[in-house]
Structure formats: C-alpha cells, structure tokens
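# Close look at the chain arrangement
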Amino acid sequence: GPIKLPGVNSGKNKAFFFFNWEPYRLNGGAQRPTLTIPTLKERAGDFTDNLDPDTGNLIPIYDPRTGQQFSCNGVLNVICPNLEDPIAQAWLAQLPAPTSPGTSNNYLVPHAVPNSLYTGSDAYLFRIDDNWGDFDRFSFSFYRRYNNSNLASALPTPISSAQGQPGHSGVYRFNWEHAFSVKTTNHFTLGYLDLYEDIVSADTFSKVKMPTVPGVANTTSYLPTFNFGSLQLGEPSGPPGHNISTRPTYAINDILSRVLGSHTLVAGLEWRSPQGNAKSGVNQGGTFGFGGVTGLKGTPSGNGNADFFIGAASSASVSYYNVPAIYIRQTGWAVHFGDTWRTTPKLTLAYGLRWDMETPTREKYNHASFFDPTLPNPDAGGLPGALAFASSSRPYPEKVDYAGVAPRLGFAYAVRPNMVVRAGYGIFFGQAFYPNWNGGNSLDGYNVNSAISSPGYNGTGQAVPAMCLTPGNAFCVAAGVPKNGYPTPPSLAPSLTPGFDNGLAPLYRPFNANK
C-alpha cells in the first residue's frame, strides 16, 4: 500500500495491504522400506519353504478339517490349488515379486516412501488495514493453508495400506479500533478459525476392482483389510468424504479503555464457541486377521500366509453406523474489569477481577452417551452404575460451574532508572474442552461395532476359524462356523439401554468436572 481509491481512500482515509504465499514441497523419502511378503511358491500353495530359521527344519502346516499335515499329490506342506480362497487369490495376485530369496525381509520397495503426514502445502496470508479518519481503524486478516496428503505406498495401490489426510485450515480476524476521545478507546475483535481434515485409504483410488467380503457394512465403496504375518493389505478408513472432521471456533471480544488521571480503567467482554464436527466411517469393509488355523497348539507349526491362502480368518471386525457423525458444541463467556494505577512515579499497581464460564461439551442432536454412577442398571440387578443417554433436559453429565471468579493483582516498582521489580498473582481458568476428536463425547449404543474371534480349538488342537472369506468355504463348512462371509449381527438398530456397556470401559465424565 497505500491503496488509493478515488473518493474512498483520500486525505486521512488510507488503506494498506499485505500478501504472502508460502509453498512447501517434499519430494521422495528418506529410505526404501523392506517388507516381508509371501514367496511366489507360497502364493501357489507351496509351503515347503516354511522353514525354522534356526534349524532349517520344515515347519508343518495342518489341514483344520482333518488335523493332518497338508499334502497335495503326495508332497507335504503343499495346499492343492482348488482349496485356495478366491478372494485371497485376487489380493495375493496384486503383490509384487520378492526382490530377494527367503521368507523374511524379502521385498525391497523400489522407491523411497516419505513417512510424513503431508508431502507439501500452500499457505496464503492476506491483511488489509484501513485508517478511516482520526477515530477509526479497521483491519482484516486472512490465513489459509492447504495440505497435500501423503498417499505414497510401499505396496501397489489396489492393496495399499497407506492412509492419507487431505485437509486445510484457516484463520480469519476482523479488528475495529474506535477512539471516542483521546482518553477513551474501544477495541472490537471478531475471529473465526477452522480445520478441515479427511482421512482416506489409498486403495480406494485404485482403478482395479478388488473383491470384497460378503456380510460387511459396505461392499460398494469400502475395501477389506487383511492382516497376516507382519503384512497388512488394505486400509480401513475408506474413500474420501467418509471421515471428515471440522473444528470451527468463533470468538467475539470487546475491550473498552478509559484514562482517568493516574488510572487506566479497562473493561471487557468475550464470547467463544468452540465446536467439533466429526464424521466417522472407518472399517465398513471389515478387518480380518489370520493366524493359528493351520497350526497345532503348543507346537512350532502353522503359517499366517497359509491361513490367508485358504481364507480362514481367526478374527474379524466390522463397524455398522446408525449415527455416522457427531457434532460437539460448547459456549464460553468471560467478563473482566481492571485498573492500572500509577500511584507514584516509581510504583504502579495493577488489579482486576475476571469471571469465566465454560459450558461442558454437548452433542448438537443429543447423540451422546456417558456413564452415570448413580443410575440403576437393570441389567445388573438394579445396582448403581449404568449408561445414560443425552437428552434436551440433560445434554451432559456435569453441573455447570458459575463460580469462575478470578482476581488479579500485580505491581511494578522502579528501584532505580535501570532496574524495575515486577510481581503478580492471579487465578486462571483453562478451557474445559475434553481431549480427543469427539470432545469427550461417546456414541456407545448408537452404532454397532461387531467383532468375532475363534471359538476355540478343535479336537486336534487347531484354532477353529472365526469365519471364512468366501461363501461355501470348505474349511468353515467342516468346522460348522459362519460360511457365508461375515456373520452380520442379527440387529443393526441402536441399542440405547443402560446395560449396553456392561463389562466394558464406558466414557466417564464426573459430575464436578466443569469446575
């Protein structure tokens, strides 16, 4: 600046501006990861390379249907191709070939993978100041940052376990300084800030159509996640738009100052509204663990790669959402008055009083649950201690504390011209906002987080599969466990009952936590 606009910015009316652009780019990474992936033989069902690293002896894998060591065409530790699970087959086909021999640390990723959250950003800062005559000054500042998500993966995109977090943040502020006179001024501020963030799975950007597991919550836009050995295929976050969080915060502040002789009086009012909007949709494609099904209990045997080859999972979990988003709200007020009194040329006293009030966090639509230690639990014989659900009459468990009175006292004394002694005392109240993304609010009872695990061991000492990936899988048919994919819970409706969290660790917010 200054900005000169005819008829607007002339004479004493002057405007100035400032703009800055800060780009940042991160190319490449510090190292090339080394992974352990199934060998080409294992992907064909041949586990004759399943050797003890210390002795070199063959580690057997056992057929959970018979308890006998797998054998195909008379060759031990080989699973016949007709027993390979079709879903596992499609996912194994996307794996790259090992870059070195052996069954451990056998794949060196051909490119470096950055381990940072972002691979770059663009930050913009703009500010304008306008002096409107002798009594008014206005300013507006704008800051915005756009982050480039890191979706680099050690594995091909269709089976990538990488997670990205695209997002942007912004801060906006408007100030108005007005002078009523040379001794009386007013400062008004209006502020807003926000953080937008999404969490996405890299594999959802693949152009290859990968098979999903029947019975899960979403087979259209979500892919499953498979864990076996030290390897993870897939990532449970899902496609863009399903895990968006925003944290808008609004603030209004006004301060009036008045000079009266040797006193400078200051009075102010502040209003704040911190918020958090969190949409969650993770694990709708299911997460499946493999290990123990092809081994005998208490003996060196089995292989997680073999368990995956036959599609027999030892554990699985799926999330079903009735309330996929939570909207946290809170309000804060502050009123303060102070005086700075220059009692003598050497001594200045500062004293004042401030009142703060922060409401507990609440959910906008009362979709929240919390533990109430006084509420009778009908599912525990009426004993006190049950899950309570928010309502318009009780949106949170705490009692609002209105006693946030905070005195302030300080002094400054000039011992000599080049030495000043200062001291102060005050009581300060921090913002009563619970940590974590949901602001201390829980959705227990509203959504269904289903999980299953192996029911135990069979007669030969092998872990019974929790389920199998493909309907009609021979190993689950023989074991009498779910054989049509994931066993969808009988009811997906909300379960708003006091005993929902019995035996679990519910969210506890003490009644006096607002103090």
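The structure we're discussing is the one just above.
Since the model is a prediction, treat every value here as computed from it, not as a measurement.

Definitions and cut-offs
Residues numbered from 1 in each chain as written. Predicted model: local features only at pLDDT ≥ 70, side-chain atom pairs only at ≥ 80, totals over all residues. Heavy atoms only, no water. Phe/Tyr/Trp six-rings, centres within 6.5 Å; stacked < 30°, edge-to-face > 60°. Helix = DSSP H or I, 4+ residues; strand = E, 2+ residues; numbered from the N terminus. Buried < 20%, exposed > 50% of the residue type's maximum accessible area, 1.4 Å probe, protein only. 1 Å grid on protein atoms, 1.4 Å probe; cavity = no way out; pocket = protein on both sides within 12 Å on 5 of 7 lines; lining within 4 Å. Points joined across faces, edges and corners; volume = space filled by probe spheres on them. Nonpolar A, V, L, I, M, F, W, Y, C, P; charged D, E, K, R; others polar. Pairing = 2+ DSSP bridges. Axes fitted to C-alpha atoms, helices over the stretch in contact; angles between N-to-C directions. Salt bridge = Lys/Arg side-chain N within 4 Å of Asp/Glu carboxyl O. Disulfide = S-S within 2.5 Å.

### Observations concerning the packing of aromatic side chains
Under the counting rule described, the total for this entry stands at 17 aromatic pairs. Pairing Y192 with Y250 gives two aromatic rings, centres 4.8 Å apart and planes at 45 degrees, and the pair type is tilted. Separated by 58 residues along the polypeptide, Y192 in strand β10 (residues 184–197) and Y250 in strand β15 (residues 249–260) bring together distant segments of the chain. The class for Y250 is partly exposed, based on a relative accessible area of 36%. Ring geometry for F226 against F308: centres 5.1 Å apart, planes inclined by 50 degrees, an arrangement best described as tilted. With F226 in strand β12 (residues 225–228) and F308 in helix α3 (residues 304–310), this residue pair connects regions lying 82 residues apart in the sequence. Among the aromatic side chains, those forming a connected cluster through ring pairs are W91, F226, F228, F288, F290 and F308.

### Structural notes on empty space enclosed by the protein
Tallied over the entire structure, the rule returns two cavities of 30 Å³ or more. The calculated volume of the largest cavity comes to roughly 40 Å³. Every residue along the wall of the largest cavity is listed here: P38, E42, R43, F47, L92, F228, N305, F308 and F309. Among the secondary structure elements, those contributing two or more residues to the lining of the largest cavity are α1 (40–43) and α3. In terms of residues, the lining of the largest cavity owes the most to one element, α3, which gives three residues. Of the residues contributing to the lining of the largest cavity, the split by class is six nonpolar, one polar and two charged.

### What about the sheet that holds strand β28 (residues 448–453)?
Pairing within the open sheet is mixed, and its five strands lie in the order β13-β12-β17-β19-β28. Taken across any chain shown, the strands that pair with only one partner, and hence form the sheet edges, are β13 (231–233) and β28. Along the sheet, successive strands turn relative to each other by an average axial angle of 10 degrees, direction set aside. For β12 and β13, the ladder comprises three bridges, and the chain directions are antiparallel. Opposite F226, over in β13, you have L233 as the bridge partner.

### Thoughts on the pattern of salt bridges
The final tally for this structure, using the stated rule, is nine salt bridges. Salt-bridge contacts for D129 lead to R127; the nearest nitrogen and oxygen are separated by 2.9 Å. The class for R127 is partly exposed, based on a relative accessible area of 35%. When salt bridges that share partners are traced, they join E270, R272 and E358 into one network.

### Overview of the state of the cysteines
All told, the structure shown has two disulfides when counted by the stated rule. Here C72 is linked by a disulfide to C80, with a sulfur-sulfur distance of 2.2 Å. Taking the torsion about the sulfur-sulfur bond, which here is approximately 115 degrees, the covalent link between C72 and C80 counts as right-handed. The same class applies to C72 and to C80, which are both buried. Note that C468 is cross-linked by a disulfide to C476, the S-S spacing being 2.0 Å. Taking the sign of the S-S torsion, 90 degrees for the link of C468 and C476, the bridge is right-handed. Exposure class is identical for C468 and C476. Each is buried.

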